[in-house]
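A look at the structure
Each chain, letter by letter, is given below.
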Amino acid sequence: MRFAAVLILLALPLAAQQTADDAAQQLLAANAQLGAAEGADDQITALTQTVQAYETGLIVMRQSLREITARETAVATDLAARRDEIAGLLMVLASIGQSPQPVMLANPEGPVGALRAGMMIADLTPALRDDVARLQRELDALRDLRDRRIAAADMLREGLDFAQTARAALGRAISERQDVPRRFVEDPAQTAQRVATAQTLAALASDLAGLSMPEGATLAPAADLPLPVAGIIRTGTRDRPGITIAAAPRALVTSPVRATLLFRGPLLDYGNVIILEPAQDVLFVIAGMAEAFGQPGEIIEAGAPLGLMGGDVGMDDANSGHNQAIDAGQTTQPLYLEVRGGQGPVNPDAWFALE
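Let me sum up the structure you'll find in this document. (Residues numbered from 1 in each chain as written. Predicted model: local features only at pLDDT ≥ 70, side-chain atom pairs only at ≥ 80, totals over all residues. Heavy atoms only, no water.)

**So, the overall build of the protein chain**
- Scanning the protein chain from N- to C-terminus turns up eight helices and 11 strands.
- Expressed as a percentage of the 355 residues in the protein chain, the buried residues total 41%.
- Working note: accessible area of the protein chain is about 18000 Å², and carbon and sulfur atoms make up 55% of it. (Helix = DSSP H or I, 4+ residues; strand = E, 2+ residues; numbered from the N terminus. Buried < 20%, exposed > 50% of the residue type's maximum accessible area, 1.4 Å probe, protein only. Areas by Shrake-Rupley, 256 points an atom, 1.4 Å probe, with all protein chains shown as cover.)

And the structure:
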């Protein structure tokens, strides 16, 4: 991981250097914390930060790769146009230089015209020489850009592999943890019955409301809670009054706030669903993950991992070296987020920073 962080930093254009440095520092800090972690809880925290640091670094790397590719294309296009122009001029000069002296002197305007033409050629030659030198410098720059693009694509592939390794380790650490704080222990048969009888997500949420939170526990809307995952936000519909978030493939989903996990499992066509209760009469419904972590009754801390998005994190285009699905912020299924208060949905704007 330390080696990958340094390579990510070296591969970036100057415009992204500061951001790249921040991303590399995150990677190094997460790596150091991971190495120092002893208990399962510490390891989960370190792995969570490691995955998030990799996701930040990969975003920077993809942006860098786009910049390098755009620069390479612009330089190549300019060189192609100028190469034809300069090649034509050089051909004219070569043909003039190879012409016999009598032909050169046979100017329609006589000796004065021939002299004037010779002076114009003498003036043009240094300019052409300068153009050829500039062309050579641009050719060298193009080669450098191509080398950097290839190197950046390799770094992106390596970073994707490391991120996948960290995600897998995080899943194992969560499954192996013990002594997790709980408010209650859910009966698996009762959970299965709830899922079997739930006709809608709202019906399941209503059935679970108030299951664990003690009287008097409140959480006022803050309007600045972080979203469970970063991505492109779209408003809901009448059937699904929450919001959807088109996130990067395999992005880590985290808890916005300390809460009790009331439900985790697949439901209807929502994919994996997690229902959190941060306060009495308040529910956060989070659905659409490919993998979900945790058990009903657990107390989930703010920022704790809840699951992973689906999608393919492979390289879409080996030549350009970036994942178009990630660039577009699209996964196989977006994350669905709904806030419920009492028995009905609540505008998520009152709780989450949506801009």
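**Re helix α7 (residues 201–208)**
- All of the buried residues along α7 are L201, L204, A205 and L208. The arc that holds the buried residues of α7, viewed along the axis, is 100°, so those residues lie on one side.
- Each element contacted by the buried residues of α7 is listed here: α6 (188–197), β4 (259–266), β5 (272–279), β6 (282–289) and β10 (335–341). (Arc of directions from axis to C-beta. Contact = heavy atoms within 4.5 Å.)

**A closer look at the sheet that holds strand β3 (residues 252–254)**
- If you walk across this open sheet you meet the three strands as β3-β9-β7, and the pairing is antiparallel. Each edge of the open sheet carries a strand with a single partner, namely β3 and β7 (291–292).
- Here β3 pairs with strand β9 (residues 305–308) via three bridges, running antiparallel. By the bridge assignment for β9, V253 is matched with G307. (Pairing = 2+ DSSP bridges.)

**Observations regarding the pairing of β4**
- In terms of residue burial, β4 counts as a mostly covered element, since six of its eight residues are buried.
- Direction of pairing for β4 relative to strand β8 (residues 299–300): antiparallel, over a ladder of two bridges. Within β8, the position partnered with T260 by the bridge is I299.
- One ladder, built from six bridges, connects β4 with β5; its direction is antiparallel. Bridge pairing in β5 links T260 to E277.
- Hairpin connection of β4 to β5: five residues between the antiparallel strands, including L268 at a positive phi of 50°.

**Remarks on the nonpolar core**
- One finds V253, L276, F284, I286, M289, L335 and F352 to be the most contacted residues of the largest nonpolar core, which totals 28 residues.
- Contributing elements (two or more residues each) for this core: β2 (243–247), β4, β5, β6 and β10.
- With four residues, the single largest contributor to this core is β6.
- Sequence-distant contacts of F284, defined by excluding residues within four places in its chain, comprise L225, V257, I274, I275, L276, P278, E338, V339, W351 and F352.
- Formed by 16 residues, the second largest nonpolar core is a distinct cluster that contains F184, A198, L283 and Y336. (Core = buried A, V, L, I, M, F, W, Y, C linked by side-chain atoms within 4.5 Å.)

**Considering the packing of aromatic side chains**
- Tallying each qualifying case throughout the model produces four aromatic pairs.
- Centroid distance F284 to W351: 5.6 Å. Interplanar angle 80°. Geometry classified as edge-to-face. Of the two residues, F284 is situated in strand β6 and W351 in the segment after β11 (344–346); the sequence distance between them amounts to 67 residues. With respect to burial, F284 and W351 carry one shared label: buried.
- Aromatic side chains F284 and F352 sit 5.2 Å apart centroid to centroid with 55° between the ring planes, which places their arrangement in the tilted category. Here the residue F284 occupies a position in strand β6, and F352 occupies one in the segment after β11, the gap between them amounting to 68 residues. Comparing F284 with F352, the two get one shared label, buried. (Phe/Tyr/Trp six-rings, centres within 6.5 Å; stacked < 30°, edge-to-face > 60°.)

**Things to note about unusual backbone geometry**
- Positive phi is not limited to glycine here, since L268 has a value of about 50°.
- Take L268: it is sitting in the loop between β4 and β5.
- L268 sits in the exposed class, given a relative accessible area of 51%.
- In this structure, D281 takes a positive phi of about 65° despite not being glycine.
- Along the chain, the position of D281 falls in the loop between β5 and β6.
- The exposure class assigned to D281 is partly exposed, which follows from its relative accessible area of 44%.

**A look at the environment of E186**
- If you trace the backbone, E186 turns up in the loop between α5 (110–176) and α6.
- Its relative accessible area of 13% is what places E186 among the buried residues.
- Linking E186 and F263, residues 77 residues apart in sequence, is a C-alpha distance of 9.0 Å.
- Apart from residues no more than four positions distant in its own chain, E186 is found in contact with T191, R194 and P296.

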